[in-house]
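Observations on the three-dimensional arrangement
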Amino acid sequence: MGRRAMMTAAAAGLAAALPGCGGFRSGDREIPPCRGLLAPPGPVVVPVADRRIVNFRVKEPRERWAGLLRERHDIAALRALAKAMKVHMENDFLLRTAWRIGSPALYHLAYADRALYIEDSDYFADILGADVLTRAQMAVLQHQYTLAHAFCSTVIAYDERAGGMVHFRSVDWPMSMEIAMASRIYDFRDDNGSIAFSAAGILGMVGVLSAIGEGFSVAINYAPWREGSASFDPDPTLLLRRLMEGDDMRTYRQAYDAIGRWRPGAPVFVSLCGVRAGEGCVFEFGLGRDGKSNVNCIEIDNRRFLVHTNHFAAGSPFAAENPRQVLAVEIDRTWNHYRLRETSEIRRRMIVRDLEASGSAGLEETLMKTYSQEPIWNCETAQWVMMTPRTGRIGEIKLWARA
């Protein structure tokens, strides 16, 4: 078997077994993540004030991430998250087999010599020790978006009261409590000591899901695909970090042009928010007939807001990939009985409804109430993030974590 065939087989095995957020695979079945639970606890979120410096220009990972792990509770939270992920991987026979065989194969055949930020991934693995996660296992977890995915609900809106744009999103992922405990605001510092950009980070994760720089903010959402879609192009979370670290990323237009040239390792939605009314869009990355990544862009235009969850918009060239949607709970069921991919449209409709009816209410207040409703709030909700871009300087980022 050739190198690429071996890489593909390893990726396919892991993709088939890893926890697809919004449901866990068990054999040929997929179990909704909240099934059997009462209403998910909460919503209870707490502001995250902890900020950590990342000196991203320095060469050595130890120096780059030194600002993260000085606090004892950082190490404890990192270890708790890593152990929770490992326990989940080891609990199911199919998952355990794919995890143990696929991780080393992918690491040696693909990640070790070509993955973005692999030295950072190795550094975190070495801190934890091979008894918790090996370098190969840590590298696979850094590519979880490509192999497993994260569900989210995202809003780009013009805040009339503040006179500027706001970018609000949730992050829904398995092990939500452990992710919440490991959530920190990262300030990526340049050589001169100034902050180049900030991100809503997760300890041990070297990629980025939500980030804000000068004049714009960016967030990643899961996009569905009916057949295997993972490739060996970079994971979207790693592409987003590389985008934010670019020397010429200072404006909405620069970020817009750069994202449009992406070739991510899996279908993905990328929401981009600027400073002025009309600066907002969602890039829909799907696969063309040739199997290569293609992009469709939805602009906010003259609308007051743009809402995107986890399905392709009506009229999108990729809309046929959308799974069935549940718009109302059936008798003797709750939202906990449905997979998150099945609630994408109702989550979008609920957010649109509340924004249209918000009147003079403050945008932040409206969104926090809206995101507190099931199924927008669910047992996998780990973070809420609000970003407010500014011209010529780093905008404001707020992070709330599940409590």
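Let me sum up the structure you'll find in this document.

Conventions used here
Residues numbered from 1 in each chain as written. Predicted model: local features only at pLDDT ≥ 70, side-chain atom pairs only at ≥ 80, totals over all residues. Heavy atoms only, no water. Phe/Tyr/Trp six-rings, centres within 6.5 Å; stacked < 30°, edge-to-face > 60°. Helix = DSSP H or I, 4+ residues; strand = E, 2+ residues; numbered from the N terminus. Buried < 20%, exposed > 50% of the residue type's maximum accessible area, 1.4 Å probe, protein only. Lys NZ or Arg CZ within 6 Å of the ring centre and 35° of its normal. Core = buried A, V, L, I, M, F, W, Y, C linked by side-chain atoms within 4.5 Å. Pairing = 2+ DSSP bridges. Axes fitted to C-alpha atoms, helices over the stretch in contact; angles between N-to-C directions. Contact = heavy atoms within 4.5 Å. Parallel < 35°, antiparallel > 145°, perpendicular 65-115°, else oblique. Nonpolar A, V, L, I, M, F, W, Y, C, P; charged D, E, K, R; others polar.

Under the criterion given, the structure shown has 23 aromatic pairs. Note on Tyr371 and Trp384: the rings are 6.3 Å apart at their centroids and 80° apart in plane angle, and the pair reads as edge-to-face. Here the residue Tyr371 occupies a position in the loop between helix H12 (363-370) and strand E15 (381-390), and Trp384 occupies one in strand E15, the gap between them amounting to 13 residues. For the pair Tyr371 and Trp384, one class covers both residues: buried. Ring-pair connections join several aromatic residues into one group, and the members of that group are Phe56, Trp65, Tyr123, Phe124, Tyr186, Phe188 and Phe197. Sitting over the ring of Tyr117, Arg241 keeps its end group 3.7 Å from the ring centre. Positioned above the aromatic ring of Tyr256 is the side chain of Arg253, whose terminal nitrogen or guanidinium carbon lies 4.3 Å from the ring centre.

Before going further, it helps to spend a moment on the nonpolar core. In this structure, Tyr111, Phe124, Val218, Leu243, Ile259 and Leu272 are the most contacted members of the largest nonpolar core, which totals 90 residues. Val307, Tyr371, Trp377 and Met386 belong to the second largest nonpolar core, which has 22 residues in total.

With that settled, the discussion passes to the sheet that holds strand E14 (residues 305-308). Here six strands make up an open sheet; going across it, the order is E3-E16-E15-E6-E5-E14 and the pairing antiparallel. Looking at strand neighbours, the two that pair on one side only are strand E3 (45-47) and E14, the edges of this open sheet. Across the sheet, the mean angle separating the axes of adjacent strands is 20° when strand polarity is ignored. Sheet topology places strand E6 (residues 164-172) next to E15; six bridges connect them, and they run antiparallel. Paired with Ser170 across the strands is Trp384, a residue of E15. Taken strand by strand, helix H11 (residues 344-356) contacts strand E5 (154-159) and E14, and its axis lies near 160° from that of E14.

This paragraph deals with the packing of helix H4 (residues 93-114) against helix H6 (residues 135-142). Packed helix pairs are characterised by how far apart their axes lie and by the angle those axes make with each other. Close contact between H4 and H6 brings their axes to 8 Å; oriented N to C, the two are set at 85°. One way to sum up the angle between H4 and H6 is to call them roughly perpendicular. Contact residues: H4 offers Trp99, Ser103, Pro104, Leu106, Tyr107 and Tyr111, while H6 offers Arg135, Ala136, Gln137, Ala139, Val140 and Leu141. Partitioned by chemical class, the residues of the contact of H4 with H6 number nine nonpolar, two polar and one charged.

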